[in-house]
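Coordinates in review
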Amino acid sequence: MAETVLDYEAEAAHYDRTRGGVPRAEAAAEAVLRLVPPGARTLLDVACGTGLVTERLGRPGLRVHGADAAHAMAKVAAGRVPGRTVRADARRLPLPDASLDAVTAVWLLHLVPFATDVVAEAARVLRPGGVLVVTVDKDAAHDVGSDIDAILRPHRSQGRAFDRAELITACAADHGLDPAPGTFFTGHGQGATPRDTVRKLRAGYYASWFDGDRAATETLAAELTALPDQDRPRADPRYRLESFVRRG
Ligand SMILES: C[S@@+](CC[C@H](N)C(=O)[O-])C[C@H]1O[C@@H](n2cnc3c(N)ncnc32)[C@H](O)[C@@H]1O
């Protein structure tokens, strides 16, 4: 699982505590469910992580499953969604064609250079009329309007983001998925601090902006370090969810 900047085998132990915990998971699940038609009977939450969102996707008549590529994440999720969690790569789901009413992927596509393969695989397992719900433009949602944003925005290369909405929408169309209404959810506890942003910058989280140019990274780190209130989180972001319906 070395295909993402973060090592989710190691992240599992502190993931819930650092990703907004229950308030963020509730907001995400509630928003996702708004986009899942009332008649849906089966839902697979791809890249389910620790299952904190997945376990909140249940509603009467809807059977929810989870899948994640990282052993450690899937193991935690299995405790929350027992008997219905598998370790699986989002590009190769162990399911027949046209077998699901809904596929969801919260906070996955921005991480993976093969986001379009994930969309194609979701289209394969969805039955006609089934829905795909995914987060898009995830990193663009961060720090909007804050002093951190004022420093980062000129360097953000959303044009290269793996989960940019127009790329995902075009790919979805190529695989028989038509656009449907989207929505937003609040990333409770996800407002960045300057200190944490510097840590992420140095850890390579934004490396694609600079093509690995360390000097540019350190210039930005110095500007962020000069900001006041180094440990005060800025406003919580609002994350965008898009949905798509499988053509008949
Ligand atoms: C940011 S977490 C999101 C977890 C969960 N959806 C949530 O909102 O809390 C990203 C997850 O994607 C998983 N992941 C990364 N690449 C994957 C892949 N190719 N197939 C399935 N899961 C993957 C990671 O293991 C991690 O659990």
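Treat the numbers as computed from the prediction; the structure is a model and nothing was measured.

**What about the site of the ligand?**
What surrounds the ligand is a group of 21 residues, the closest being Arg24, Ala47, Asp68, Ala90 and Val106. Tyrosine 15 has a polar side-chain atom sitting 2.9 Å from an oxygen atom of the ligand. Within the contact set of the ligand, a nitrogen atom lies 2.8 Å away from a backbone nitrogen or oxygen of alanine 47. Summarising the interface, the protein chains cover 98% of the accessible area of the ligand, which totals 600 Å² for the free molecule. When the residues that make up the shell around the ligand are grouped by side-chain class, the tally is 17 nonpolar, one polar and three charged.

**Things to note about the sheet that holds strand E2 (residues 63-68)**
Spatially, the seven strands line up as an open sheet ordered E3-E2-E1-E4-E5-E7-E6, and their pairing is mixed. What marks the edges here is a single partner per strand, and that holds for strand E3 (85-87) and strand E6 (177-186). Across this sheet, the average inter-strand angle for adjacent strands is 20 degrees, counted without regard to direction. Here strand E1 (residues 42-46) runs beside E2; their pairing, made up of five bridges, is parallel. Along E2, the bridge assignment pairs threonine 42 with arginine 63. Relative to E6, helix H3 (residues 21-35) is tilted by about 150 degrees, and along the sheet it contacts strand E4 (100-105), strand E5 (126-136), E6 and strand E7 (238-246). Against the sheet, helix H7 (residues 165-174) makes contact with E5, E6 and E7, and its axis sits at roughly 10 degrees relative to E7, the strand it touches most.

**Let's talk about the environment of proline 233**
Among the secondary structure elements, proline 233 is positioned in the loop between helix H10 (214-225) and E7. Residues proline 233 and aspartate 196, 37 residues apart in the sequence, show an inter-C-alpha distance of 9.2 Å. Among residues more than four places away in sequence, those in contact with proline 233 are Gly191, Ala192 and Thr193.

**Observations concerning the packing of aromatic side chains**
How two aromatic rings sit relative to each other is set out by the distance from centre to centre and by the angle between their planes. The full count for this structure, using the stated rule, is four aromatic pairs. With centroids separated by 5.2 Å and ring planes inclined at 80 degrees, the aromatic side chains of tryptophan 107 and tyrosine 239 adopt a geometry described as edge-to-face. Of this pair, tryptophan 107 sits in the loop between E4 and helix H5 (115-125) while tyrosine 239 sits in strand E7, placing them 132 residues apart in sequence. Neither tryptophan 107 nor tyrosine 239 differs from the other in exposure class; each is buried.

**Comments concerning the side chain of arginine 19**
Secondary-structure assignment places arginine 19 in the loop between helix H2 (15-18) and H3. Only 2.6 Å separates the side chain of arginine 19 from the side chain of glutamate 11, close enough to count as a polar contact. Once residues within four sequence positions are removed from consideration, arginine 19 is found in contact with Leu6, Tyr8, Glu11, Arg24, Trp107 and Gln190.

**A short note on the nonpolar core**
In terms of nonpolar packing, the biggest core is built from 60 residues, with Leu132 and Phe185 touching the most fellow members. Broken down by element, the residue count for this core peaks at eight residues, all from H3. Setting aside residues no more than four positions away along its own chain, leucine 132 makes contact with Val103, Val119, Ala122, Leu126, Leu177, Glu242, Ser243 and Phe244. Core analysis: the next-biggest nonpolar cluster, separate from the first, contains 14 residues, Leu201, Tyr205, Tyr206 and Trp209 among them.

**Details of the pairing of E1**
Of all five residues making up E1, four are buried, and the element is well covered by its neighbours. Note that E1 and E4 share three bridges and pair parallel. Note on E4: the bridge partner recorded for aspartate 45 is threonine 104.

**Looking at the packing of H5 against H7**
Packed helix pairs are characterised by how far apart their axes lie and by the angle those axes make with each other. Axis separation between H5 and H7 bottoms out at 9 Å; the angle between their running directions is 35 degrees. As H5 runs across H7, the sense of the crossing is right-handed. On H7, the residues touching Ala115, Thr116 and Val119 of H5 are Leu167, Ile168, Cys171 and Ala172. Classifying every residue of the contact of H5 with H7 by side-chain character gives six nonpolar, one polar and no charged.

**Overview of helix H4 (residues 71-80)**
When we look at burial in H4, the residues that qualify are Met73, Ala74 and Ala77. All buried residues of H4 fall inside an arc of 95 degrees around its axis, so they share one side. Opposite its buried face, H4 presents the exposed residues His71, Lys75 and Gly79, each directed more than 90 degrees away. At its buried positions, H4 is contacted by helix H1 (8-11), H2, E2 and E3.

The rules behind the values
Along each chain, numbering runs from 1 in the same order as the chain's sequence is written. In keeping with the predicted nature of the model, local features appear solely for residues at pLDDT of at least 70, side-chain atom pairs appear and are counted solely at 80 or more, and the whole-chain, interface and lining totals rest on all residues. Here the side-chain values reflect all heavy atoms present in the structure, with hydrogen atoms and water set aside. Note on terminology: near, applied to a residue and a molecule or strand, indicates that one of the residue's heavy atoms is within 4 Å of it. Pairs of N or O atoms within 3.5 Å make up the polar contacts considered here, provided that, within protein, one atom can donate a hydrogen while the other can accept it, and that residues adjacent in sequence are counted only when both atoms are side-chain atoms. Surface exposure here means Shrake-Rupley accessible area, sampled with a 1.4 Å probe, where a residue is shielded only by the protein chains that are shown. Put simply, Ala, Val, Leu, Ile, Met, Phe, Trp, Tyr, Cys and Pro go in the nonpolar bin, Asp, Glu, Lys and Arg in the charged bin, and everything else, Gly too, in the polar bin. One bridge is not enough; two strands pair if DSSP finds at least two bridges between them. Only DSSP runs of H or I with at least four residues qualify as helices, and only runs of E with at least two residues qualify as strands; both kinds are numbered from the N terminus onward. For helices, the axis comes from a line fit to the C-alpha atoms of the stretch in contact; other axes are also lines fit to C-alpha atoms, and the angle between any two N-to-C directions lies between 0 and 180 degrees. Contacts are assigned to residue pairs that have any heavy atoms within 4.5 Å of one another. Think of it this way: a Phe, Tyr or Trp ring, Trp meaning its six-membered ring, pairs with another when their centres are within 6.5 Å, and the plane angle makes it stacked under 30 degrees, edge-to-face over 60, tilted otherwise. Categorising residues by exposure relies on relative accessible area from a 1.4 Å probe, with only protein chains included: less than 20% of the type maximum marks a residue as buried, more than 50% marks it as exposed, and the intermediate range marks it as partly exposed. By nonpolar core we mean a set of buried residues, namely Ala, Val, Leu, Ile, Met, Phe, Trp, Tyr and Cys, connected to one another through side-chain atoms within 4.5 Å. Each crossing is labelled by how the near helix is turned from the far one, with a counterclockwise turn of less than a right angle marking it left-handed and a clockwise turn marking it right-handed. Taking the helix axis as origin, the arc is that swept by the directions to the C-beta atoms.

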